[in-house]
Amino acid sequence: MIRLSEIHKTYPARRGSPAHVALRGINLDVAAGEIVGVIGRSGAGKSTLIRCINLLEVPTSGAVIVNGVDVTALSKRDLPLFRRQLGMVFQHFNLLSSRTVYDNIALPLELAGASKADIAAAVDPLLPLVGLEDKRDRYPAELSGGQKQRVGIARALSSNPKVVLCDEVTSALDPETTRQILSLLRDINKRLGLTMVVITHEMAVVKQLCDRVAVMDGGQIVEEGSVDAIFSDPKHATTQSLLADEFLDFRPAHPVSNPVEGA
Amino acid sequence: MFATLAPILFQATLETLYMVAAALVIGTSFGLPLGVFLATSGRGELFESLIFQKTIGPIVNATRSVPFIILAVAIIPFTRMVVGTSIGTSAAIVPLTVAAIPFIARIIEGAVREVDGGLVEAAQAMGARPMQVVTKVLLPEALPGIIHGLTLTAVTLIGYSAMVGAVGAGGLGDLGIRYGYQRFRPDVMGAVVITLIVLVQMVQTSGDLLARKADKRNI
Ligand SMILES: Nc1ncnc2c1ncn2[C@@H]1O[C@H](COP(=O)(O)OP(=O)(O)OP(=O)(O)O)[C@@H](O)[C@H]1O
Ligand SMILES: [Mg+2]
């Protein structure tokens, strides 16, 4: 479904800050219907990676293949059409404060020029799916963080995408709300057969939501595998330290000989 | 006495309202796109155009730094070209509009820049084309700020319109100068001042009300 091949991304130098290499040769395959997690510490390049998939960031080199098409070659005119096939959910929700819940969810369809009737047909069933039937005509300012993220998820689904990209979607939420949002995402993945790429810095999110996981450090994927395999036998020091942070009883079965400093 | 003053005052108020409304409407139709473009033409932004930033920005600033009364006199040839005369209420609309355009452009620019960049990005991720980002995200989200700014513009224009009144454009300023000052009628002067105060109050209050209605960020 998605194939990233040899993606490099360098942010050019700006006044006062030198050029920064954020991605150094990323290769990642995501099969249809799969939930792949990308985990790493702050600054590892996770957001840059996911933003390369819908070309919010243009890779410096490498190919982004979605559904067999190299989307880095798309023209300015075709890019919006491609993006409409992907949904994206954000850490800080990014809802329009001037629109009601319903109108926020309708926005992707409006942008695509859908008729009022088609919009209603798409949005109405999404409200109960994300548990917001009673908030239809409320504004984001009247919602809790968890409810806002449900709107964000419904909005990402409204144009009926095949792929949903999630960048730290639970990082602004408390643990109980996080669990609810993760199980909602899991449920949606099963029901709609969606492919998902999930960025996080928490192993608990990977454990609850993902089928596979890629661990990032310094702009590279340092370890990749099924969630079970990574949890039972983490090989890389970064993976081990991420696990040790959250699961206090974690002890690596095969300690690496040269752990990164501070790990 | 009031009976003779009332119709003159009413007539002058209408002229002032006409000048201000016309300058506001024409000024917005030029100032709004200009302001949006000023806010979105920077490096890496929606309509990146560094030439525009480097040329129009300074022109806008230059126009804004000329005192209005100087501007009104300086562009008399242009005014004549547009309306055929440089005196009268309609002629006054030209300098008022010329002053309003950069004022409104900067206000719109500021309001649009206030919009969270995350929203622009979200819209682009949904497949919004650049113009859709403007019409569906930037303008609706900036609306409360835009209404505040246009209210401020209207109040400023009421003040400016009294100044062009002094150079023969009609309206409340003209009335105040010709009757109140030159014919020494303090009653007329008083009535003009009170009418101006009431006008400004009404504009400010309704602007605030509209802006609050449009603002859904604190409900
Ligand atoms: N627009 C940009 N211009 C310049 N440098 C950037 C830009 N965006 C990100 N970077 C840099 O690239 C690196 C990777 O950033 P990225 O946002 O991908 O990290 P991340 O893994 O998502 O981190 P976090 O967990 O904090 O969100 C960082 O060092 C960051 O400073
Ligand atoms: Mg990030």
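Our structure's up above, just so we're on the same page.
Computed from a predicted model, the values in this text were never measured in an experiment.

Draft legend 1. Summary view of the overall build of chain B. Along its length, chain B carries 9 helices and 0 strands. Starting at the N terminus and walking to the C terminus, you meet the elements of chain B as α-α-α-α-α-α-α-α-α. In terms of its C-alpha atoms, chain B occupies a principal-axis envelope of roughly 70 × 45 × 25 Å. For chain B, the residues scored as buried account for 44% of the 219 residues in total. Taking as baseline every contact in chain B between residues at least 6 positions apart, the subset at least 24 positions apart corresponds to 71%. Surface summary for chain B: the accessible area is close to 10800 Å², and the carbon and sulfur share equals 69%. Here chain B contributes 15 positive and 12 negative side-chain charges, whose respective centroids are spaced 5 Å apart.

Draft legend 2. Here's a closer look at the pattern of salt bridges. Residue and element names in this part refer to chain A. Throughout the structure, instances matching the rule amount to 21 salt bridges over all chains. A salt bridge links E110 to R99; the shortest N-O distance between them is 2.8 Å. In this pair, E110 is assigned in helix 3 (residues 101-111) and R99 in the loop between strand 6 (86-89) and helix 3, connecting sequence segments 11 residues apart. Of the residues examined, E110 reaches a relative accessible area of 24% and is grouped as partly exposed. A salt bridge links R138 to E142; the shortest N-O distance between them is 3.1 Å. Overall, the relative accessible area of 27% leaves E142 in the partly exposed class.

Draft legend 3. Layout of the sheet that holds strand 4 (residues 61-66) of chain A. Residues and elements named next belong to chain A. With antiparallel pairing, 4 strands are arranged side by side in an open sheet as 2-1-4-5. Edge positions in the open sheet fall to strand 2 (20-30) and strand 5 (69-70), since each of these has one partner strand only. Where strand 1 (residues 2-11) meets strand 2, 8 bridges bridge the pair, whose relative direction is antiparallel. Across the sheet, residue I2 finds its bridge partner in strand 2, namely V30. Taken strand by strand, helix 1 (residues 46-53) contacts strand 1, strand 2 and strand 4, and its axis lies near 120° from that of strand 1.

Draft legend 4. Examining the interface of chain B and chain A more closely. Across the boundary between the two partners, chain B contributes 22 residues, which contact 27 residues of chain A. Carbon and sulfur atoms supply 57% of the area buried between chain B and chain A, which totals about 2200 Å² over both sides. When the buried area of chain B at its contact with chain A is split by residue, M126, R129 and K136 of chain B rank highest and sum to 29% of it. Taken together, the links from chain B to chain A amount to 2 salt bridges. In this structure, K136 of chain B engages E110 of chain A in a salt bridge whose closest nitrogen and oxygen atoms are separated by 2.7 Å. At the junction of chain B and chain A, the tally comes to 8 residue pairs in polar contact (both at pLDDT 80 or more). Contributing elements (two or more residues each) for the side of chain B that touches chain A: helix 6 (117-125) and helix 7 (130-169) of chain B. Top contributing element to the side of chain B that touches chain A by residue count: helix 6 of chain B, with 7 residues. For the side of chain B that touches chain A, the residue count by class is 9 nonpolar, 5 polar and 8 charged.

Draft legend 5. Structural context of helix 8 (residues 171-182) of chain B. With 12 residues, helix 8 of chain B should cover 16 Å at 1.5 Å per step; its first-to-last C-alpha distance of 16 Å lies within 8% of that length. When helix 8 of chain B is considered as a whole, its buried residues turn out to be G171, L172, G173, D174, L175, G176, Y179 and G180 of chain B.

Draft legend 6. Inspection of the nonpolar core at higher detail. Membership of the largest hydrophobic core comes to 82 residues, with the highest contact counts inside it found for L4, I26, I53, L165 and V197 of chain A together with L138 and V164 of chain B. Residues contacting L165 of chain A, with those up to four places away along its chain left out, are I50, I53, N54, L86, G87, M88, V89 and V197 of chain A. Core analysis: the second largest hydrophobic core is formed by 47 residues, A106, L127, A154 and L185 of chain A among them.

Draft legend 7. Up close: a nonpolar patch on the surface. Residues V66, I69, I70 and M163 of chain B make up a contiguous nonpolar surface patch of about 290 Å² in total accessible area. Relative to the assigned elements, V66 of chain B resides in the loop between helix 2 (50-65) and helix 3 (68-74).

Draft legend 8. Looking closely at the pairing of strand 8 (residues 195-200) of chain A. Residue and element names in this part refer to chain A. Counting buried residues along strand 8, 6 of its 6 residues qualify, which places the element largely inside the surrounding structure. Going residue by residue along strand 8, you find T195, V197 and I199 tucked away on one face and M196, V198 and T200 tucked away on the opposite face as well. The pairing of strand 7 (residues 163-167) with strand 8 spans 5 bridges and is classified as parallel. In the strand pairing of strand 8, L165 is matched with V197. Tracing the backbone out of strand 7, into helix 6 (residues 175-192) and back to the parallel element strand 8 gives a crossover that is right-handed.

Draft legend 9. Summary view of the pairing of strand 1 of chain A. Bridge count for strand 1 of chain A against strand 4 of chain A is 5 bridges, and the pairing is antiparallel. Considered in strand 4 of chain A, the bridge of H8 of chain A is made with S61 of chain A.

Draft legend 10. Examining unusual backbone geometry more closely. One non-glycine residue, E6 of chain A, adopts positive backbone phi at about 50°. On the secondary structure map, E6 of chain A appears in strand 1. Although it is not a glycine, F184 of chain B sits at a positive phi angle of roughly 50°. Residue F184 of chain B is classed as exposed on the basis of its relative accessible area, which comes to 67%.

Draft legend 11. Quick look at the side chain of Q240 of chain A. As for its position among the elements, Q240 of chain A is in helix 9 (residues 237-246). A distance of 2.9 Å separates a polar atom in the side chain of Q240 of chain A from the backbone oxygen of P234 of chain A.

Draft legend 12. Examining the site of ligand 1 more closely. Residues and elements named next belong to chain A. Neighbouring residues of ligand 1: Y11, H20, A22, R41, S42, G43, A44, G45, K46, S47, T48 and E168. Residue S47 places a side-chain N or O atom 2.7 Å away from an oxygen atom belonging to ligand 1. Isolated, ligand 1 exposes 630 Å² of accessible area, and the fraction of that covered by the protein chains is 60%. Secondary-structure elements contributing two or more residues to the shell around ligand 1 are strand 2 and helix 1. No other element matches helix 1, which puts 3 residues into the shell around ligand 1. Among the residues making up the shell around ligand 1, the classes are represented as 3 nonpolar, 6 polar and 3 charged.

Parameters at a glance
Residues numbered from 1 in each chain as written. Chains lettered and ligands numbered in written order. Predicted model: local features only at pLDDT ≥ 70, side-chain atom pairs only at ≥ 80, totals over all residues. Heavy atoms only, no water. Helix = DSSP H or I, 4+ residues; strand = E, 2+ residues; numbered from the N terminus. Buried < 20%, exposed > 50% of the residue type's maximum accessible area, 1.4 Å probe, protein only. Contact = heavy atoms within 4.5 Å. Areas by Shrake-Rupley, 256 points an atom, 1.4 Å probe, with all protein chains shown as cover. Lys, Arg positive; Asp, Glu negative; His and termini not counted. Charge placed at Lys NZ, Arg CZ, Asp CG, Glu CD. Salt bridge = Lys/Arg side-chain N within 4 Å of Asp/Glu carboxyl O. Pairing = 2+ DSSP bridges. Axes fitted to C-alpha atoms, helices over the stretch in contact; angles between N-to-C directions. Buried area = accessible area lost by both parts, 1.4 Å probe. Polar contact = N/O pair within 3.5 Å; in protein donor to acceptor, adjacent residues only side chain to side chain. Nonpolar A, V, L, I, M, F, W, Y, C, P; charged D, E, K, R; others polar. Expected span 1.5 Å × (residues − 1). Core = buried A, V, L, I, M, F, W, Y, C linked by side-chain atoms within 4.5 Å. Patch = residues over 30% accessible without salt bridge, like charges linked within 9 Å, V, L, I, M, F, W, Y side chains within 5 Å. Right-handed = clockwise from strand over helix to strand, strands pointing away. Near = heavy atom within 4 Å.

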